[in-house]
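Descriptive structure summary
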Amino acid sequence: MKPIEITSLSQLDMNATYTFADYLMWKIKDRVELFRGKILKMSPSPSPMHQRIARKLSLNIGNLFSNKSCEMFFAPFDVRFPNKMGEIITVVQPDICIICDRNKIDDKGCLGAPDLVIEILSPGNSKKEMNLKFSLYEESGVSEYWVVDSSEKFILIYSLENGEYISRKPVADGEMLQSIHFPDLRFSTQDLYEF
């Protein structure tokens, strides 16, 4: 018997636990992530403000990593985190990520923790970014995590030290931003939120 093709979220049991193998089979238009096997619906397509900030960040970051061993990727790009038994039941799509270990990159995205993850808050995803993803990235060993708040115009930078994130002073609009783990990654946030 031919398996049922999944083309809509309504065909899925939102209380069930899924794997990356299930995720790959879905042909749904909704943007989703898996968090410990549970479906997390993503915000609709990013707003123009979100896209503009992502573009400006990508230009500042991309120039630094051009022709280097580390590589920058941006959403949609699957980052998969195996659990303790090696099953992949968590798949997220960070807005921007930097991966220095090329062995983590395959034809399906990244398997394991990127070195730097940047998430730009959108209406409706603040709780997910600040709670679920914070814990996920911390537990999974993402060395540095930035949260960009476009409405309040600041960036939170978290650096992994001894298995826990340490928060730095927020980078306010117009201030210089400097990465903790990539000291050469330094730029002004002047005009980051202006269009």
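Every residue gets a number counted from 1 within its own chain, in the order that chain's sequence is written. In view of the model being predicted, local features appear only for residues whose pLDDT reaches at least 70, and side-chain atom pairs are presented and counted only at 80 or more, with totals across whole chains, interfaces and linings using the full set of residues. Water and hydrogen atoms were dropped before computing side-chain values, which therefore reflect all heavy atoms in the structure.

1. A look at the state of the cysteines
Cysteine sulfurs are considered disulfide-paired once they come within 2.5 Å of each other. In the structure shown here, the tally under the stated rule is one disulfide. Each disulfide pairs two cysteine sulfurs, and for Cys 70 the partner residue is Cys 100, the sulfurs being separated by 2.0 Å. Residues Cys 70 and Cys 100 are joined by a disulfide whose S-S torsion is about 100°; by sign, that bridge is right-handed. Note that Cys 70 is positioned in the loop between helix H2 (48-65) and strand S3 (71-74) and Cys 100 in the loop between strand S6 (96-99) and strand S7 (105-106), a separation of 30 residues in sequence. The closest cysteine sulfur to the non-disulfide-bonded Cys 97 is located on Cys 110, 6.2 Å from its own sulfur. A run of H or I in DSSP counts as a helix once it spans at least four residues, and a run of E counts as a strand once it spans at least two, with each numbered from the N terminus.

2. Examining H2
In an α-helix there are 3.6 residues to a turn, and that puts residues three or four apart on one side. One less than the residue count of a helix, multiplied by 1.5 Å, gives the span that helix is expected to have. If you check H2, its first and last C-alpha atoms are 25 Å apart, about what 18 residues at 1.5 Å a residue would give, namely 26 Å. It only takes one pair of heavy atoms within 4.5 Å for two residues to be counted as in contact. Elements that come into contact with the buried residues of H2 comprise S3, S6, strand S9 (116-120), strand S10 (144-149) and strand S15 (186-188). Two residues or fewer after H2 comes Asn 67, characterised by a positive phi angle close to 60°.

3. Examining the nonpolar core
Grouped together as the largest cluster of nonpolar side chains are 24 residues, with contacts concentrated most on Leu 57, Ile 61, Trp 146, Ile 155 and Leu 185. Elements that contribute at least two residues to this core include exactly H2, S6, S9, S10 and strand S11 (154-161). Element by element, the count of residues in this core is highest for H2, at six residues. Grouping buried Ala, Val, Leu, Ile, Met, Phe, Trp, Tyr and Cys residues that are joined through side-chain atoms within 4.5 Å yields what is termed a nonpolar core. Only protein chains enter the area calculation, which uses a 1.4 Å probe; residues under 20% of their type maximum are buried, those over 50% are exposed, and those in between are partly exposed. One finds Cys 97, Cys 110, Val 147 and Leu 156 within the second-largest nonpolar core, a separate group that totals 22 residues.

4. A few points about the packing of aromatic side chains
Each Phe, Tyr or Trp ring, with Trp reduced to its six-membered ring, pairs with another whose centre is within 6.5 Å; inter-plane angles below 30 degrees give stacked pairs, above 60 give edge-to-face pairs, and intermediate values give tilted ones. Using the criterion set out here, one finds 13 aromatic pairs in the structure. Each residue in the set Phe 81, Phe 134, Tyr 137, Tyr 145, Tyr 158 and Tyr 165 is aromatic and connected to the rest through ring pairs, giving one cluster.

5. Considering the pattern of salt bridges
Salt bridges, as used here, are contacts in which a Lys or Arg side-chain nitrogen is within 4 Å of a carboxyl oxygen on Asp or Glu. Per the counting criterion, the structure on display carries ten salt bridges. In this structure, Lys 41 and Asp 30 form a salt bridge, with 3.9 Å as the shortest nitrogen-oxygen distance. Placement of Lys 41 in strand S2 (residues 38-41) and of Asp 30 in the loop between helix H1 (20-25) and strand S1 (32-35) is noted, with a sequence separation of eleven residues between them. Its relative accessible area of 51% is what places Lys 41 among the exposed residues. Across the pair Glu 175 and Lys 169 runs a salt bridge whose closest N-O atoms are separated by 3.3 Å. Taking relative accessible area as the criterion, Glu 175 reaches 29% and is therefore assigned partly exposed. Using a relative accessible area of 59% as the deciding quantity, one classes Lys 169 as exposed. Salt bridges sharing common partners tie together Glu 33, Glu 119 and Lys 133.

6. A short note on the pairing of S6
Across the two faces of S6 the burial is the same, with Ile 96 and Ile 98 and Cys 97 and Ile 99 all buried. When DSSP locates at least two bridges between a pair of strands, those strands are taken to pair. Bridge count between S3 and S6: four bridges; the pairing is antiparallel. Among the inter-strand pairings, Met 72 is bridged to a residue of S6, identified as Ile 98. Sheet topology note: the S6/S9 ladder contains three bridges and is antiparallel. Across the sheet, Ile 98 pairs through a bridge with Leu 116, a residue of S9.

7. Quick notes on unusual backbone geometry
Cis rather than trans, the peptide bond between Ala 75 and Pro 76 has omega equal to 0°. Here Pro 76 is to be found in the loop between S3 and strand S4 (79-82). A positive phi angle, close to 55°, is found at Asn 162, a residue other than glycine. When you line up the elements, Asn 162 lands in the loop between S11 and strand S12 (164-167). For Asn 162, a relative accessible area of 83% gives the class exposed. The phi dihedral of Asp 191 falls on the positive side, at around 70°, and the residue is not glycine. The topology assignment puts Asp 191 in the segment after S15.

That is the geometry; function is a separate question.
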